[in-house]
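Spelled out, the chains give:
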Amino acid sequence: MRFDIITVLPELLESPLNHSIMQRAKDKGLLEVHLHQLRDYATGKHRQVDDYQFGGGAGMVMKPEPISACISKLCAERTYDEIIYTTPDGQMLDQALCNRLSMKQNVLILCGHYKGVDDRIRQKYVTLEVSIGDYVLSGGELAAAVIVDSVGRLIPGVLNDETSALFDSFQDNLLAPPVYTRPADWNGMKVPEVLLSGHEKNIEEWRHEQSIERTKTRRPDLLEKSGDGY
Ligand code: SAM
């Protein structure tokens, strides 16, 4: 899977996407992430990518021309399955959307700044608008990093069996059960007996019950979504 990300701050994306599972996914040839500096597509002495907003008011708006030039160049090189704009008024990113995006080949992400991008860019190019939560970030880079990480780890082969995404929260609309490691007795706090029993079926049942309990107490809304009647 390939992500192209248009940004005025590529530095903000380098660290999160160059470590741990994302780096391993790239090393395995399963994930490519290409960062494009928007200023390279701006003209004029100052390579300005923003301008005052029509109608007045505080805050600058990202100009359409550099974004259009960048998107046009990239679209001439390959076909994108989605052109995503990260924005607080977009569709909320959830596991179902991550699962869906992980099936795609080429995804382009446009990161906004200031007051956002000129709306005509959204109308002309953007196929999917994504929010990572009901709060406002300074720019779209952290949202883009969240999208690449949450989607990238779902690409078949990125995670090994032990860390399989199938056992993570939100798959099946359940939260993950509690987990423990050694020592079995830490300062008098003991690991649940069943996990030490080696009895696979009992362990599986215990984990499932714990998942349901956790979801009931912390996120009952997920159980309503699943319709499984727990
Ligand atoms: N004026 C915009 C509004 O109120 O909806 C907020 C602009 S914000 C300061 C600058 C940029 O950060 C946005 O264009 C968007 O790309 C990104 N951004 C901010 N919050 C976000 C969120 N919750 N999810 C995704 N992207 C976000």
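Predicted, not measured: the structure shown is a model, and the values here were computed from it.

**Student:** How should the pattern of salt bridges be read in this particular structure?
**Tutor:** Side chains bearing opposite charge may pair, as long as their charged atoms lie close to each other. Here the structure, examined in full by the defined rule, presents 15 salt bridges. With a closest N to O distance of 3.5 Å, Arg2 and Glu32 form a salt bridge. A residue pair is termed long-range when its members are at least 10 positions apart, and Arg2 in strand E1 (residues 2–7) and Glu32 in strand E2 (residues 32–37) qualify at 30 residues. Taking relative accessible area as the criterion, Arg2 reaches 15% and is therefore assigned buried. The class of Glu32 is partly exposed, set by a relative accessible area of 40%. Across the pair Glu205 and Lys201 runs a salt bridge whose closest N-O atoms are separated by 2.9 Å.

**Student:** Which parts of the structure should I look at to understand the nonpolar core?
**Tutor:** Nonpolar side chains tend toward joint burial in soluble globular proteins. The biggest cluster of nonpolar side chains holds 29 residues, and the ones touching the most others in it are Phe3, Ile5, Leu31, Ile84, Ile109, Ile147 and Val148. Breaking this core down by element, the ones donating at least two residues are E1, helix H1 (11–17), helix H2 (20–27), helix H4 (95–101), strand E6 (106–110), strand E7 (128–131) and helix H6 (141–152). Examining the composition of this core, we find that 5 residues originate from one element, H6, more than from any other. Those residues within four positions of Val148 in sequence are excluded, and the remaining contacts are Phe3, Ile5, Leu17, Met22, Leu31, Val33, Ile109 and Arg153. In terms of nonpolar packing, the next biggest core, distinct from the first, is built from 19 residues, Leu74, Ile83, Tyr85 and Leu110 among them.

Procedures and definitions
Residues take numbers from 1 onward in each chain, read along the sequence in its written order. Residue-level local features of this predicted model are given only where pLDDT is at least 70; pairs of side-chain atoms are given and counted only at 80 or more, and the full residue set underlies all totals for whole chains, interfaces and linings. Computation of side-chain values: all heavy atoms of the structure, hydrogens and water removed. Definition used for salt bridges: Asp or Glu carboxyl oxygen within 4 Å of a side-chain nitrogen of Lys or Arg. Helix numbers and strand numbers start at the N terminus; a helix is a DSSP run of H or I with at least 4 residues, a strand a run of E with at least 2. Whether a residue is buried, partly exposed or exposed follows from its accessible area with a 1.4 Å probe, protein chains only, as a fraction of its type maximum: under 20%, in between, or over 50%, in that order. By nonpolar core is meant a set of buried Ala, Val, Leu, Ile, Met, Phe, Trp, Tyr and Cys residues that side-chain atoms within 4.5 Å join together. Two residues qualify as a contact provided that any one of their heavy atoms is within 4.5 Å of a heavy atom in the partner residue.

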